[in-house]
Amino acid sequence: MVYKALTIAGSDSGGGAGIQADLKTFQELDVYGMSAITAVTAQNTLGVQGVYPMSVEAVIQQIKSIAADLPPQAVKTGMLFSSELIRAVADEIKHADWVKLVVDPVMIAKGGASLLQEEAVAALKEYLIPLAYVITPNIPEAEVLSGMKINFMADRKMVAIKLYELGAKHVVIKGGHDNSELVTDLLYDGEQFYEFTSKRLITQHTHGTGCTFAAVITAELAKGHTVYEAIQVAKEFIHAAIGEELGIGSGHGPTNHWAYRRGVQVG
Ligand SMILES: Nc1ncnc2c1ncn2[C@@H]1O[C@H](COP(=O)(O)OP(=O)(O)O)[C@@H](O)[C@H]1O
Ligand SMILES: Cc1ncc(COP(=O)(O)O)c(N)n1
C-alpha cells in the first residue's frame, strides 16, 4: 500500500519551511508527498524578501487534479495568505470529502513577516477550521484565533476548548513560544487533555518547526495512526530535527529533516 499525503501551502525558496519542509517530512516517513502551492515566497534564513500569491484558479486546479487521480489519505494546509484562497481551499476540501485534514494556521514567519492577511483570520475560523481533524496553532496563533491571552497552561486549556468549539475535532496548541525549560504541546480531543513534553533545546535554528511538526502528524494519519500516536512521532521527529543542527545560513536556520530517520538521539 502506498500512502499519499497532500500539502496545500506556500513555497519557501530556502527549503526549511512550507511546501519544502512538508514534502521532505513526508518522504522521511515513507509517505508519497503531493503539493498544491498557494503562494511563492522568496525566503532565506535571514527573513522573507517577497511574497507572490498564486491565483485562486491556479490553486483550485492543482487540488482538483490531485483529487481526480491521486486521492490522498491525509491533507495538510499551511500558509494560505488571503480569505479568497482560504474559501476556495475549504470548498475543494469539502467537495473532495477529505476528512483527515491537518490545519496549521500559519500567520507570521519567525522573522516577523506576515504570511496571512489580517482580514483572513475570520475566514480561517468560519470556513476551514470547522473542517479540520486537527489544528496545530502555536501560542500567538491560538491567541489570535481565540481572542484570549495565554500566560499559563490553564489559559491554554481554556483556549483549546474555545478552538474545539469552532469545529476542529482535535486541537494541539504547541509550546515552542513559551519560555520554560520544558516544551509542552497540549492536545485536546473534546473530552481530555494530553501533554507531550520534551526538554527545550537552545538554538536559533527553528525555521520551519511548525510546518514540520504538522507534516509528521499528516503523514502518520495517512498511514492510519491515531492523533495521539501521530503527535508522539511528531514530537520525536521535531526534537531530533532541532537537536541535530545543520548549521546552514547566517540567520534562523532550518531544522534537520533526516535526523529522525537516522535515529539521532538528542538529550
Ligand atoms: N527550542 C525547542 N526545543 C525543543 N522543541 C521545540 C523547540 N521549539 C519548538 N519546539 C517544538 O517544535 C514544534 C513547533 O513548535 P512552535 O515553535 O510552538 O511552533 P511554530 O513553529 O508554529 O511557531 C512543537 O512540537 C514544539 O514542541
Ligand atoms: C512558506 C512558508 N510557510 C510557513 C512558514 C512558517 O514557518 P515557521 O515554522 O518558521 O514559523 C514560512 N516561514 N514560510
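A quick note: this is a predicted structure, and the numbers were derived from the prediction, not measured.

Conventions used here
- Residues numbered from 1 in each chain as written.
- Chains lettered and ligands numbered in written order.
- Predicted model: local features only at pLDDT ≥ 70, side-chain atom pairs only at ≥ 80, totals over all residues.
- Heavy atoms only, no water.
- UniProt positions renumbered as here; feature names shortened; annotations may be inferred.
- Helix = DSSP H or I, 4+ residues; strand = E, 2+ residues; numbered from the N terminus.
- Phe/Tyr/Trp six-rings, centres within 6.5 Å; stacked < 30°, edge-to-face > 60°.
- Lys NZ or Arg CZ within 6 Å of the ring centre and 35° of its normal.
- Near = heavy atom within 4 Å.
- Polar contact = N/O pair within 3.5 Å; in protein donor to acceptor, adjacent residues only side chain to side chain.
- Areas by Shrake-Rupley, 256 points an atom, 1.4 Å probe, with all protein chains shown as cover.
- 1 Å grid on protein atoms, 1.4 Å probe; cavity = no way out; pocket = protein on both sides within 12 Å on 5 of 7 lines; lining within 4 Å.
- Sits in = over half its atoms within 2 Å of the grid points.
- Nonpolar A, V, L, I, M, F, W, Y, C, P; charged D, E, K, R; others polar.
- Contact = heavy atoms within 4.5 Å.
- Salt bridge = Lys/Arg side-chain N within 4 Å of Asp/Glu carboxyl O.
- Buried < 20%, exposed > 50% of the residue type's maximum accessible area, 1.4 Å probe, protein only.
- Patch = residues over 30% accessible without salt bridge, like charges linked within 9 Å, V, L, I, M, F, W, Y side chains within 5 Å.
- Points joined across faces, edges and corners; volume = space filled by probe spheres on them.
- Core = buried A, V, L, I, M, F, W, Y, C linked by side-chain atoms within 4.5 Å.

Asks: Please explain the UniProt feature "domain: Pyridoxamine kinase/Phosphomethylpyrimidine kinase" (unreviewed entry) in the protein as it appears in this structure.
Replies: Within this structure's numbering, the places UniProt gives as "domain: Pyridoxamine kinase/Phosphomethylpyrimidine kinase" (unreviewed entry) are residues 12-256. Annotated as 40% helix and 20% strand, the span residues 12-256 places its first and last C-alpha atoms 15 Å apart.

Asks: Teacher, can you tell me more about the packing of aromatic side chains here?
Replies: What characterises a pair of aromatic rings is the spacing of the ring centres plus the angle enclosed by the ring planes. One pass over the structure, following the stated rule, counts five aromatic pairs. One aromatic cluster is present, formed by Tyr164, Tyr188 and Phe193 through successive ring pairs. Its guanidinium or amino end placed over the ring of Tyr133, Lys100 lies 5.3 Å from that ring's centre, counting from NZ or CZ.

Asks: Explain the site of ligand 1 to me, please; I cannot follow it from the model alone.
Replies: Close to ligand 1 lie 16 residues, the nearest being Lys174, His177, Asp185, Leu201 and Thr209. Between ligand 1 and Asp185 there is a distance of 2.6 Å, counted from an oxygen atom to a side-chain nitrogen or oxygen. The contact in question runs from an oxygen atom of ligand 1 to an N or O atom on the side chain of Lys235, over 2.8 Å. Against a free-state accessible area of 560 Å², the protein chains account for coverage of 94% of ligand 1. Using a 2 Å cut-off from the grid points, one finds that ligand 1 occupies the largest pocket. Those elements giving two or more residues to the shell around ligand 1 turn out to be strand 8 (182-188), helix 7 (209-222) and helix 8 (227-243). Split into classes, the residues belonging to the shell around ligand 1 amount to five nonpolar, five polar and six charged.

Asks: Help me out: how do you make sense of the site of ligand 2 in this one?
Replies: Close to ligand 2 lie 15 residues, the nearest being Gly10, Gln43, Lys110, Gly208 and Thr209. Contact between ligand 2 and Gln43: a nitrogen atom at 2.7 Å from a side-chain N or O atom of the residue. In this structure, an oxygen atom belonging to ligand 2 sits 3.5 Å away from a main-chain N or O atom of Thr209. Protein contact buries 95% of the 360 Å² of open area that ligand 2 shows by itself. Mapping ligand 2 onto the cavity grids shows that it belongs to the largest pocket. Taken together, the residues that form the shell around ligand 2 break down as six nonpolar, eight polar and one charged.

Asks: Would you explain the side chain of Thr209 in this entry?
Replies: Following the sequence through the fold, Thr209 ends up in helix 7. Within polar-contact distance, the side chain of Thr209 engages the side chain of Lys110 at 3.1 Å. Discounting residues that sit within four places of it in the chain, Thr209 has contacts with Lys110, Ile238, Ile242 and Thr255.

Asks: Sorry, what's going on with the pattern of salt bridges here?
Replies: Scanning the model with the defined rule gives nine salt bridges in all. With its nearest N and O atoms 2.4 Å apart, the salt bridge here joins Arg261 to Glu28. Taken as a pair, Arg261 in the segment after helix 8 and Glu28 in helix 1 (residues 18-28) lie far apart in primary sequence, 233 residues in all. A residue is classified by how much of its surface remains accessible, and Glu28, at 15% relative accessible area, is buried.

Asks: In this structure, what is going on with a nonpolar patch on the surface? I would like to understand it.
Replies: Together, Val40, Tyr52 and Met54 make up a nonpolar patch on the protein surface, roughly 260 Å² of accessible area in all. With respect to the helices and strands, Met54 occurs in the loop between strand 3 (47-53) and helix 2 (56-69).

Asks: Just to check I follow, could you spell out the layout of surface pockets for this structure?
Replies: Using a probe with the size of a water molecule, rolled over the atoms, empty space left in the structure can be pinpointed. As a volume, the largest pocket reaches approximately 1100 Å³. Around the largest pocket, the lining comprises 47 residues; the ones closest to its centre are Lys110, Asn138, His177, Thr209 and Gly210. Going through the elements one at a time, strand 1 (4-12), strand 2 (32-44), helix 5 (139-146), strand 8, strand 9 (193-199), helix 7 and helix 8 are the ones with two or more residues in the lining of the largest pocket. Residues that form the lining of the largest pocket fall into these classes: 18 nonpolar, 18 polar and 11 charged.

Asks: What should I look at first to understand the nonpolar core in this one?
Replies: Soluble, globular proteins show a tendency: their nonpolar side chains are buried together. In this structure, Leu6, Ile8, Ile86, Leu124, Leu128 and Ile135 are the most contacted members of the largest nonpolar core, which totals 45 residues. It is helix 3 (residues 83-96) that contributes the most residues to this core, five residues altogether. Those residues in contact with Leu128, other than ones at most four positions away along the chain, are Thr77, Leu80, Ile86, Ala90, Ile93, Leu101, Val103 and Ala123. Membership of the second largest hydrophobic core comes to 26 residues, among which are Ala215, Ile217, Ala230 and Phe237.

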